[in-house]
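Here are the chains, one letter per residue:
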Amino acid sequence: MDRQNETTEIAKAYSNFLQYSEPVYHAHLAKNYTNGNLADTKWLALRDNGSCYLPDVYTQGADHIYLKYSSGTDGTKVTIRKDNSDGEILAQFTTNKTKGREIQKFPFKKTTEKLNLYIETNNDRISPKTPTSYISWFAFLPEIKTGNNSEYSQIEDSFIKLVNTDTPTLPIIIENPDYLKRTTQVFERGNWLMKTDTVEPATPQSLNAWNDAWPKNRLGLSKWLVSKENPLTARTLVNRVWQQIFGRGIVASLEDMGSQSDPPSHPELLDWLALRFMNEHNWSIKALVKDIVMSGTYRQSSRNNAKLYNLDPENRLYARGPRIRLGAEQIRDQALFVSGLLSPKMYGPSVMPPQPDGIWQTVYNGGNWVESKGEDKYRKAVYTYLKRTSPYPSFLTFDAGSREVSTVRRTVTNTPLQALVTLNDPVYLETAYHLAKFMEQGNNVDASIKEGYRKAVLAEIGPEKLQALKELYNSSLSDFQEKPNNIKEFIPFETDTDANLAALTVVANAIMNLDEFLTKS
Amino acid sequence: MNSLDRLIQEKLLREIQAKTRRHFIKDCVAGMGSLALGSFFMSCNSFLGSEDTAKIALTERDINPLASMPPPYPSKVKSVIYLHMAGAPSQLEMFDYKPTLQKLNNQACPQSLLEGKKFAFIRGVPKLLGPQAEFKQHGESGNWVSNFLPHFSKVVDEVAFLKAVNTDQFNHGPAQLFMHTGSPRLGRPSIGSWVTYGLGSENQNLPGFVVLTSGGKTPDAGKSVWGSGFLPSVYQGVQCRSKGDPVLYIDDPKGITRNLKKSTIDAINNINKKEFNEYSDPEILARINQYEMAYRMQTAVPEVMNINNEPEHIKEMYGVRPGKESFANNCLLARKLVEDGVRFVQLFDWGWDSHGTGHDTAVDLGLRNKCTEIDRPMSALLLDLKQRGLLEETLVVWGGEFGRTPMQENREGQEMAYKGRDHHGDAFTMWMAGGGIKKGASWGLTDEIGFSALEGQVSVHDVHATILHLLGFDHEQFTFDFQGRPFRLTDVEGHVIQEILA
């Protein structure tokens, strides 16, 4: 490697370390403790006269060892030897009391071979039961050949300061360097204690061949996945988009498109779309969606009748257009949009829109559901904070799943609990109120209802439906006029309300519960 | 009548019941001009002035996914109450009497027991810990129960014990998942979901699968222990809460009278009926039905969740604490729910993780208090079900996610101030009571210190197979296709535990 390349590689190692705090040797890799243990399943805790082994360590010739640890005691002598308690000393240093968890570096003997480290700690000033420190990980960075650069120590200080800066963290996946790659072995009958054959990553031989020019890592895998020789990727994707638009995939079992799956209802169509998607649309999903929604099949009316239904209840043959209930997130977003409350704000951390008290119960930590303020209450559903053990209740009710496993296809259900959400959840009442404010046309009730219906379902209301909603308006109005206190209780978040607006809110709530509002047809 | 005849007769009866119901629904939907709403099963009022007289062939499930269905085989019970002591109760202080362990108290645990074992917290060589309760034999069965459970001792002849249940999980989350979904990993449907999927619910005004929690916290594994996994979400457990709305959003918004809510639902359904006339989509019928059900549920749920109207002697019997979240309240609620036709009621009581890290988790102190909390209510539950004739059609299951070690916990290898026991899944106790269960039975035997099973070891899958069997399922036939293969609650395992069946 020439000098320039080497410098680039080293710079990359440092910048990666700053960004990811990887690669490191985590505490749980340590073995054979004496006077010590893996505390709380994640910290290496050695007591006075304690020791452990850290096997298979490659230092890349580093001249320092980085340690992330916390300690409540001063003056612990740490000795790191090669192989065992009699081995050559590779590093010897003192750790002291820290403020929380700190990353520090200590001199380390340069070596390029793979090592088994023997780590011992001594501190006779503390009780034999007290751990000297809690170590999270060990790390090594390639040596920087500084030459005569006098500013180096300053740069070094800044680096240590930077790695110790508390910044928000986000779990992501990065690939380890080759020397940290673990050996993968087959578990005998799934038993992780019985390891057998060592295996290497490869792709199924029944599919497109692997090109040896591809690196054997995630980049190579993605090249294999989107290779035009791969018959599955485009078909799978096209099928999923089709399902979102028609409510049912050309292969109905989206999550399984193999020999045991449902057969495709229209195999030629699937292939045609898949080839077009790769070759003509260059993987543009937008172009694919346009293809599908501009087709005659999609633009058919969703009207059904007994004859069609009995012949083909699931509409596999597409004699009619699709008619499907919106997804959990769409239902929320649509209600917010129609009421004019939906915030267009994009990006940033997740938000916590209102949810009933007592949902967020957790035995793991003290995390609280802190209701977001201002427009963050009305962000698109995709920004809602999700936690697997305590999912957002109204999403769960509308079949969003709790994300415990990859859910490729949501089963759409129709339950009374869903009705309770859109009828009674304060989020939906607030949207109803704002729709009511929008639709109010003075005292012209007919005009108000027409306006609201048009805004919600983008169609003109027929006389019978108008009549039904007008009756609802009239009974609401007399109810609120009889009991004016109910107005304030029903719309607690607004001061300037009256019986008319309250009655229109009831009507708006009804409109937003109509099948035609919750369903795409 | 011999048993075969009885079986045949039962099956015929089921078929007739099933047939008439199906038949009736079919007539109802016939011609689309005569679907009855409101009281769906009672009348067949026409609401559609449709001229289309062709018939849409619908099953009851098309309109209502929780519609009651007969089981494939004759069943012993109609509903299940599952009492889960979250944290894992110590069998050695409650049911599994080990006098030898008392003699060996404070002696170092033999190395042979520790080899190849993994514990959550025990390190090095722990000491054996004798039972911290006094045991006696009770009832005609002569089954052993400790003095931590004086009320339960009196109903011991109603139950069948499993003394050597085995799980391969030793941490709470995965073990609870395993106990309720048949897999320690996330994503499988819980047993309550399987059962409501298979049988629907008898009462359409209440959720079919209800979950009640006490002890201040929900289970470690979160709501996944009553999740529906890959089954449709309508079959997931509905948590009924002691505070706030018993079921989320069940209360009308303030300022909305019941009459006004009725008018709202009438308006919605009227318009939806017109929509149905236009589109003939059965999903619209389902939605109309669900809105009617939601309206009725709004009355039925608060009614069934209100224990104040129960007679004093019943409240006394359970030891309820109205207005509070308590296991006693939940036991009484469980009875009310199954009485009203709810299919599966699951109770989780938190606080059984007796590690001995403090007073509350000491097996001689905190555990005793926890036992006192459940003793009266769970005994009352059995008696109350019995006096109503419900015990014969209900299955009550009691257990934790695993058991506890005969060794005293020694966190980080150190002796601890309080007496505690670590997690242990090799052999622990559960019990079942109710229809089809052999009263006073006890199956399974552990060794002299209660560490391993000597005979009658049963697995979590066996427990599941048995529960399904009592409900009228063959656990090997009861499947759901997902990701290219049929899935079962018991995966590829499970045997019905014949030894505890009547």
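Residues numbered from 1 in each chain as written. Chains lettered and ligands numbered in written order. Predicted model: local features only at pLDDT ≥ 70, side-chain atom pairs only at ≥ 80, totals over all residues.

Draft legend 1. Local environment of the overall build of chain A. A tally of helices and strands in chain A yields 16 helices and 13 strands. The C-alpha radius of gyration computed for chain A amounts to 32 Å, which surpasses the reference 24 Å derived for 521 residues by more than 25%, pointing to a less compact arrangement than a globule. The dimensions of chain A, computed from C-alpha atoms along their principal axes, are 95 × 60 × 50 Å. Taking all 521 residues of chain A together, 31% fall into the buried category. Restricting the contact set of chain A to residue pairs at least 6 apart, pairs at least 24 apart contribute 61%. (Helix = DSSP H or I, 4+ residues; strand = E, 2+ residues; numbered from the N terminus. Rg over C-alpha atoms; globule rule 2.2 N^0.38 Å. Buried ≥ 20, exposed ≤ 12 C-beta atoms within 10 Å, placed from the backbone. Contact = placed C-beta atoms within 7 Å.)

Draft legend 2. Structural detail: the overall build of chain B. Within chain B, the secondary structure is distributed over 13 helices and 17 strands. Each of the 502 residues in chain B was classed as buried or not, and the buried ones make up 56%. Restricting the contact set of chain B to residue pairs at least 6 apart, pairs at least 24 apart contribute 74%.

Draft legend 3. The interface of chain B and chain A, seen in detail. Between chain B and chain A, the residue contacts involve 63 residues of the former and 65 residues of the latter. No other element matches the 12 residues that helix α8 (residues 258–279) of chain B contributes to the side of chain B that touches chain A. The residue makeup of the side of chain B that touches chain A, split by class, is 25 nonpolar, 18 polar and 20 charged. (Nonpolar A, V, L, I, M, F, W, Y, C, P; charged D, E, K, R; others polar.)

Draft legend 4. Representation of the pairing of strand β1 (residues 79–86) of chain B in the model. All names here are of chain B. Of all eight residues making up β1, eight are buried, and the element is well covered by its neighbours. By the alternation rule, side chains of β1 split into Ser79, Ile81, Leu83 and Met85 and Val80, Tyr82, His84 and Ala86, which are all buried. Note: β1 against strand β8 (residues 394–399), six bridges, orientation parallel. Within the sheet, the bridge partner assigned to Val80 lies in β8 and is Leu395. Sheet topology note: the β1/strand β7 (residues 344–350) ladder contains seven bridges and is parallel. Within β7, the residue paired with Leu83 across the bridge is Leu347. (Pairing = 2+ DSSP bridges.)

Draft legend 5. Quick look at helix α8 (residues 328–338) of chain A. Here α8(A) has its buried residues at A:Ala328, A:Ile331, A:Arg332, A:Ala335, A:Leu336 and A:Val338. Once α8(A) ends, the next one or two residues include A:Gly340, with phi positive near 80°.

Draft legend 6. Focus on the packing of helix α11 (residues 327–339) of chain B against helix α12 (residues 366–387) of chain B. Residue and element names in this part refer to chain B. Viewed as axis vectors pointing N to C, α11 and α12 meet at an angle of 15°, and their least axial separation amounts to 8 Å. One element, α11, and the other, α12, form an angle in the roughly parallel class. Where α11 crosses over α12, the two elements pack in a sense that is right-handed. Facing Phe327, Ala328, Cys331, Ala334 and Arg335 of α11, the residues of α12 in contact are Glu373, Ile374, Arg376, Pro377, Met378, Ala380, Leu381, Asp384 and Leu385. Taken together, the residues that form the contact of α11 with α12 break down as 10 nonpolar, no polar and four charged. (Axes fitted to C-alpha atoms, helices over the stretch in contact; angles between N-to-C directions. Parallel < 35°, antiparallel > 145°, perpendicular 65-115°, else oblique. Left-handed = near helix turned anticlockwise from the far one by under 90°.)

Draft legend 7. Region of the structure containing α12(B). Residue and element names in this part refer to chain B. For α12, spanning 22 residues, the distance from its first C-alpha to its last is 32 Å, which sits close to the expected 32 Å at 1.5 Å a residue. When the local axis directions of α12 are compared, the greatest deviation, roughly 30°, occurs at Ile374, which is followed within four positions by the proline Pro377. Positive phi appears at Gly389, one or two residues downstream of α12, with a value of about 70°. (Expected span 1.5 Å × (residues − 1). Bend = angle between axes of the 7 residues up to and from the residue.)

Draft legend 8. Molecular detail of the environment of A:Lys465. Note on placement: A:Lys465 falls in helix α13 (residues 463–482). C-beta crowding within 10 Å serves as the criterion here: with 23 such atoms nearby, A:Lys465 is assigned to the buried category. Along the primary structure A:Lys465 and A:Lys450 are separated by 15 residues, whereas in three dimensions their C-alpha atoms are 10.0 Å apart. Setting aside chain neighbours within four positions, we find A:Lys465 in contact with B:Ile271 and B:Lys274.

Draft legend 9. Up close: the pairing of strand β9 (residues 133–139) of chain A. All names here are of chain A. The buried count for β9 comes to six of seven residues, which makes it a mostly enclosed element. Pairing of strand β1 (residues 25–26) with β9 involves two bridges; the strand directions are antiparallel. If you follow His26 over to β9, its bridge partner there is Trp137. Both strand β3 (residues 43–58) and β9 contribute to a ladder of three bridges, which runs antiparallel. What sits directly across from Ala45, in β9, is Tyr134. In the sheet, strand β4 (residues 64–70) pairs with β9 via five bridges, with the strands oriented antiparallel.

Draft legend 10. Geometry of the nonpolar core. In this structure, A:Val507, B:Ala334, B:Val396, B:Val397 and B:Met432 are the most contacted members of the largest nonpolar core, which totals 190 residues. The element that contributes the greatest number of residues to this core is helix α9 (residues 282–305) of chain B, accounting for 12 residues. Excluding its chain neighbours within four sequence positions, the residues that come into contact with A:Val507 are A:Ile449, A:Gly452, A:Leu469, A:Leu472 and A:Tyr473. Of all hydrophobic cores here, the second largest spans 32 residues; its members include A:Tyr25, A:Leu44, A:Ala45 and A:Ile119. (Core = buried A, V, L, I, M, F, W, Y, C linked by C-beta atoms within 7 Å.)

Draft legend 11. Molecular detail of the confidence of the model for chain B. The predicted model of chain B has a mean per-residue pLDDT of 88, with 89% of residues at 70 or higher. Overall, residues 19–53 of chain B carries pLDDT values under 50, and its contacts beyond four positions in sequence, including any with other chains, amount to 40 contacts. (pLDDT = per-residue confidence, 0-100.)

Draft legend 12. Highlighting the environment of A:Asn486. Note on placement: A:Asn486 falls in helix α14 (residues 485–490). Those residues within four positions of A:Asn486 in sequence are excluded, and the remaining contacts are A:Phe480 and B:Gly255.

Draft legend 13. Spatial organisation of the packing of helix α4 (residues 232–246) of chain A against helix α5 (residues 267–280) of chain A. Residue and element names in this part refer to chain A. The geometry of α4 relative to α5 is characterised by a closest axis approach of 8 Å and an angle of 110° between their N-to-C directions. For the element pair α4 / α5, the angle class is roughly perpendicular. Of the residues in α5, those touching α4 at Ala234, Arg235, Val238 and Asn239 are Leu270, Leu273, Ala274, Phe277 and Met278.

Draft legend 14. Region of interest: unusual backbone geometry. Residue and element names in this part refer to chain A. In this structure, Pro23 follows Glu22 across a cis peptide bond, with omega equal to -5°. In this structure, Pro23 sits in the loop between α1 (3–20) and β1. For Trp283, which is not a glycine, the phi torsion comes out positive at approximately 65°. Examined against the element boundaries, Trp283 turns out to sit in the loop between α5 and α6 (285–293).

Draft legend 15. Inspection of the environment of B:Gly130 at higher detail. You can see B:Gly130 is positioned in the loop between α4 (111–114) and β2 (135–138). Those residues in contact with B:Gly130 that sit more than four places away from it in its chain are B:Leu101, B:Gln102 and B:Asn105.

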